Amino acid sequence: MSVKLIFPLILLLSASLAAQKLEHFDLILLSANQSADSSWHVGNPRFLSKFNPGGYNNQPAFFSADELYLTVQMPNDTTQTDIVSLNIASKQRTSITNTPKTAEYSAQPMPGGRRFSAVRVEEDGTQRLWSFPLDRSDNGRPEFPQIRGVGYHCWLRDTLAALFIVGENGQPHTLYACGTKGQKLMRIAANVGRGLQALPNGKLAYIIKATEQTWFLKTWDPRKQSSEQIVKMPLGVEDFAVLPDGAYIAGSKSKLYIYKPGRTPDWHEISDLSKYGVRNITRLAVYKDGKLVVTVQ
């Protein structure tokens, strides 16, 4: 199975699918290590997007210690975006998707290790969450056939997903939980950001935009169906990841920040990537062995 994308990654937060050339983003691999006092340090930068200079390289997701799924658009292409697998050890690249009439983006590994999910923009513009086998044994299926307008997603367990539903006609973007069996939406919050992360304790971490300038990191417990406010986000930041010890990591402009719940009162800087030419850090992906990938400009 190969699938080719045609979506405007400005995230489809508008329902428009007009073809466009996407902004240039690069990917940098870093190692995140803890010192004896449990503080985190990052280093050993490695440029991952040399294969696509000047192009769009974004939405990294670890599928294993050495395999990343990325969303890619070549610089001479104004209509297509591909999901690409990149082996960061061998530097081998594999095209995962390649259909000319639909678009897929935001690939995530699914619990169980046999399938991955991605938002598909179908021929009529409908956005639904699909899943595909990692062994390419079938052409995929919609996981929630009746739910449309999916912008981002995150799996909390094999039968429960968090879905960012794009607001239409001026309505806010809303976060829901939905089970694959009942297929019923459960509202978690409105005015949410794109950052979603499943935590080891089964909770969901997400961003709530209280005002234009005041955004908070919160968690939602699917068992209690209740939310808890964790910390105020740095100004304008809606992307984050979680390190192996449970600390949150986020980027603001060229700097990386850490927040450790219960151990630090606020975010604190751990690295400035401006020395590598980085002006702006957006998305982040972390693997349990300490590998960190950041999307940068």
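Summary of the structure given here. (Residues numbered from 1 in each chain as written. Predicted model: local features only at pLDDT ≥ 70, side-chain atom pairs only at ≥ 80, totals over all residues. Heavy atoms only, no water.)

With that settled, the discussion passes to the overall build of the chain. Scanning the chain for helices and strands turns up zero helices and 25 strands. Taking 19 Å as the expected radius of gyration for a compact globule of 297 residues, we find that the chain reaches 18 Å, a close match to that expectation. Sequence separation of 24 or more characterises 42% of the internal contacts of the chain that already satisfy a separation of 6 or more. Total accessible area on the chain is roughly 13,700 Å²; 46% of this is exposed by carbon and sulfur atoms. If you average the places of the 34 positive and of the 26 negative side-chain charges in the chain, the two averages end up 2 Å apart. (Helix = DSSP H or I, 4+ residues; strand = E, 2+ residues; numbered from the N terminus. Rg over C-alpha atoms; globule rule 2.2 N^0.38 Å. Contact = heavy atoms within 4.5 Å. Areas by Shrake-Rupley, 256 points an atom, 1.4 Å probe, with all protein chains shown as cover. Lys, Arg positive; Asp, Glu negative; His and termini not counted. Charge placed at Lys NZ, Arg CZ, Asp CG, Glu CD.)

The tally for this structure, following the rule as stated, stands at zero disulfides. For cysteine 154, which is in no disulfide, the shortest distance to another cysteine sulfur is to cysteine 178 and amounts to 14 Å. Exposure remark for cysteine 154: the relative accessible area of 8% places this residue in the buried category. With a relative accessible area of 1%, cysteine 178 lands in the buried category. (Disulfide = S-S within 2.5 Å. Buried < 20%, exposed > 50% of the residue type's maximum accessible area, 1.4 Å probe, protein only.)

What follows covers the packing of aromatic side chains. What the rule picks out here adds up to 11 aromatic pairs. The interplanar angle of 85 degrees and the centroid separation of 5.2 Å between the aromatic rings of tyrosine 152 and phenylalanine 164 together place this pair among those described as edge-to-face. Of this pair, tyrosine 152 sits in strand S12 (residues 150-157) while phenylalanine 164 sits in strand S13 (residues 160-165), placing them 12 residues apart in sequence. Measuring from centroid to centroid gives 5.8 Å for tyrosine 259 and tryptophan 267, while their planes differ by 45 degrees, and the two rings are tilted. One aromatic cluster is present, formed by Phe63, Tyr69, Phe116, Trp130 and Phe132 through successive ring pairs. (Phe/Tyr/Trp six-rings, centres within 6.5 Å; stacked < 30°, edge-to-face > 60°.)

Right, let's get into the sheet that holds strand S20 (residues 241-242). Within the open sheet, the four strands sit side by side as S20-S21-S22-S23. Their pairing is antiparallel. Looking along the sheet, the strands with just one partner apiece sit at the ends: S20 and strand S23 (268-272). (Pairing = 2+ DSSP bridges.)

Moving on, we get to the sheet that holds strand S24 (residues 281-286). Ordered in space as S3-S2-S25-S24, the four strands form an open sheet in which the pairing is antiparallel. With partners counted over all chains shown, the strands left at the sheet margins are strand S3 (40-47) and S24, one partner each. Going from strand to strand, the sheet's axes swing by 30 degrees on average, the running direction of each strand aside. Looking at chain direction, strand S2 (residues 26-34) and S3 are connected through six bridges and run antiparallel. Looking at the pairing, serine 31 lines up with glycine 43 of S3. (Axes fitted to C-alpha atoms, helices over the stretch in contact; angles between N-to-C directions.)

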